[in-house]
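# Geometric and topological summary
Okay, here's what each chain looks like letter by letter:
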Amino acid sequence: MEHQRTLAIMESNGEKRTTNLAVIHFNIGGALNNMGRYDEALSSLQTSLSIKEELGLGGHIDTAVIHAMMGLVLKAQHLYEQALMEHQRDLEIKESNREKRTNDLAATHFNIGDTLNNMGRYNEARSHLQTSLSIKEELGLGEHIDTSVIHSRMGNVLYAQHRYQQALMEHQRTLAIMESNGEKRTTNLAVIHFNIGGALNNMGRYDEARVHFRTSLKIEQELQLPKDSVLH
């Protein structure tokens, strides 16, 4: 890996614990995360963070992204309590640096909401997801494909709370955004049709539910997904 080669060169040249070294460890952590090597990723990210803190940059806005990445790694490991702490620290740093209502801030609120959802803290999850959505809309990104994920997660939270009508509206909104952005017949689209079908089923609207379940199944078959694939 190029980042590891960079680190090896820096260390062989006696590179001190500088921001440059912190960046390299962060990059290695990010790459390892994408490879599913989570324990190694956490180690590199923790080294990056410790260097930043040694340099007195623990509260610097650039350090927030390390906490965000650590939160994502921990969430991938289902360590939700620890993930939540990292995402909350990310938000804390952004707020202390007076971060404006940007895409980055929307992402932080989404990450907190998503983690809270996994912990069953649904009301808190909805609050952060709604904040994320409102920021996106303020930025004129209400119809952007990335925003569909927020609606989808909101739908999942509402479904878990047995609020099926509201969940249906969120999942339908997800589908509308996907279709307006020319979303192809992907696993994401199969999931959304499945979620719409699930909400309709719980509302007793069985004929409509079957239509969406069949659409989901058809997409799944077209993509030749494994028979034991799980849609949620």
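What this report covers is the structure whose coordinates are included nearby. Throughout, residues of each chain are indexed from 1 in the direction in which the sequence is written. Per-residue local features of the predicted model are confined to residues with pLDDT of at least 70, and side-chain atom pairs are confined, for both listing and counting, to 80 or more; whole-chain, interface and lining totals are unaffected and use all residues. Side-chain figures throughout are based on the complete set of non-hydrogen atoms in the structure, without hydrogens or water.

### A word on the environment of Gly-113
Helix and strand labels come from DSSP, where a helix needs a run of H or I of at least four residues and a strand needs a run of E of at least two; each type is numbered from the N terminus. By secondary structure assignment, the location of Gly-113 is in helix 6 (residues 103-118). Between the C-alpha atom of Gly-113 and that of Glu-220, which follows or precedes it by 107 residues, the distance is 28 Å. Contacts were defined at the residue level, with two residues in contact if any of their heavy atoms lie within 4.5 Å. The residues contacting Gly-113, other than those within four sequence positions of it, are Ala-125, His-128 and Leu-129.

### Notes on helix 6
Over its 16 residues, helix 6 extends 23 Å from the first C-alpha to the last, a length consistent with the 22 Å expected when each residue adds 1.5 Å. Here the term buried applies to any residue with accessible area under 20% of the maximum for its type, exposed to any over 50%, and partly exposed to those in between, with areas from a 1.4 Å probe on protein chains only. Of all 16 residues making up helix 6, twelve are buried, and the element is well covered by its neighbours. Residues Leu-105, Ala-106, Thr-108, His-109, Phe-110, Asn-111, Ile-112, Gly-113, Asp-114, Thr-115, Leu-116 and Asn-117 constitute the buried set of helix 6. Summarising the contacts, the buried residues of helix 6 are in contact with helix 4 (64-76), helix 5 (80-96), helix 7 (122-138) and helix 8 (145-160). Of the residues trailing helix 6, Gly-120 is marked for its positive phi of about 80°. By definition here, a helix of n residues has an expected span of 1.5 Å times n minus one.

### Some points on the packing of aromatic side chains
What characterises a pair of aromatic rings is the spacing of the ring centres plus the angle enclosed by the ring planes. Two rings belonging to Phe, Tyr or Trp (six-membered ring only in the last case) form a pair when the distance between their centres is within 6.5 Å. Interplanar angles under 30 degrees mark stacking, angles over 60 mark edge-to-face geometry, and anything in between is tilted. Using the criterion set out here, one finds two aromatic pairs in the structure. Here the aromatic rings of Phe-194 and Phe-213 are separated by 5.5 Å at their centres, their planes lie at 55°, and the arrangement is tilted. Here the residue Phe-194 occupies a position in helix 10 (residues 187-202), and Phe-213 occupies one in helix 11 (residues 206-222), the gap between them amounting to 19 residues. By relative accessible area, Phe-194 is classed as partly exposed at 32%. Owing to a relative accessible area of 29%, Phe-213 belongs among the partly exposed residues under this scheme.

### Topic: the packing of helix 9 (residues 164-180) against helix 10
Axis angle and axis distance: for two packed helices, these are the angle between their axes and the distance between the axes, and together they describe the pair. With axes taken as lines fitted to C-alpha atoms, and helix axes fitted only over the stretch in contact, angles between N-to-C directions fall between 0 and 180 degrees. It is the contact of helix 9 with helix 10, at a shortest axis distance of 9 Å, that shows an interaxial angle of 155°. In terms of axis orientation, helix 9 runs roughly antiparallel to helix 10. In terms of crossing hand, the pair formed by helix 9 and helix 10 is left-handed. In contact with Tyr-164, Leu-168, His-171, Gln-172, Thr-174, Leu-175 and Met-178 of helix 9, helix 10 contributes Asn-188, Leu-189, Ile-192, His-193, Asn-195, Ile-196, Ala-199, Leu-200 and Asn-202. Split by residue class, the contact of helix 9 with helix 10 holds nine nonpolar, seven polar and no charged. Oblique is the label for any angle not under 35 degrees, not over 145, and not in the 65 to 115 range, which are roughly parallel, roughly antiparallel and roughly perpendicular in turn. Should the near helix be turned anticlockwise from the far one by less than a right angle, the crossing is termed left-handed; should it be turned clockwise, right-handed. Each residue gets one label: Ala, Val, Leu, Ile, Met, Phe, Trp, Tyr, Cys and Pro are nonpolar, Asp, Glu, Lys and Arg are charged, and the others, such as Gly, are polar.

### With respect to the side chain of His-171
Mapping His-171 onto the fold places it in helix 9. Its relative accessible area of 1% is what places His-171 among the buried residues. Non-local contacts of His-171, meaning those with residues more than four positions away in its chain, are made with Ser-152, Gly-155, Asn-156, Ile-192, Asn-195 and Ile-196.

### Concerning the pattern of salt bridges
Salt bridge, as used here: a side-chain nitrogen of Lys or Arg that lies within 4 Å of a carboxyl oxygen of Asp or Glu. Under the defined criterion, the tally for this structure stands at twelve salt bridges. Across the salt bridge formed by Glu-54 and Arg-17, the nearest N and O atoms sit 2.8 Å from each other. One end of the pair, Glu-54, is in helix 3 (residues 38-54); the other, Arg-17, is in the loop between helix 1 (2-12) and helix 2 (19-34), with 37 residues separating them in the sequence. Residues Arg-37 and Glu-40 are paired through a salt bridge, measuring 2.8 Å at the closest nitrogen-oxygen approach. Via salt bridges that share partners, Lys-75, Asp-114 and Arg-153 belong to a single interconnected network.

### Considerations on unusual backbone geometry
Despite not being glycine, Arg-98 shows a phi value in the positive range, around 55°. As for its position among the elements, Arg-98 is in the loop between helix 5 and helix 6. Phi is positive for His-162, close to 65°, though the residue is something other than glycine. Considering the arrangement of structural elements, one finds His-162 in the loop between helix 8 and helix 9. When its relative accessible area of 57% is taken as the criterion, His-162 is described as exposed.

### A few points about the environment of Lys-75
The topology assignment puts Lys-75 in helix 4. Looking at Lys-75, the relative accessible area reads 14%, which means it is buried. Put simply, Lys-75 and Asp-114 are 39 residues apart on the chain and 9.3 Å apart in space, counted from C-alpha to C-alpha. Lys-75 has contacts with Tyr-80, Ala-83, Asn-111, Asp-114, Thr-115 and Asn-118, leaving out every residue within four places of it along the chain.

Everything listed here is a matter of coordinates, which is why it stays silent on function.
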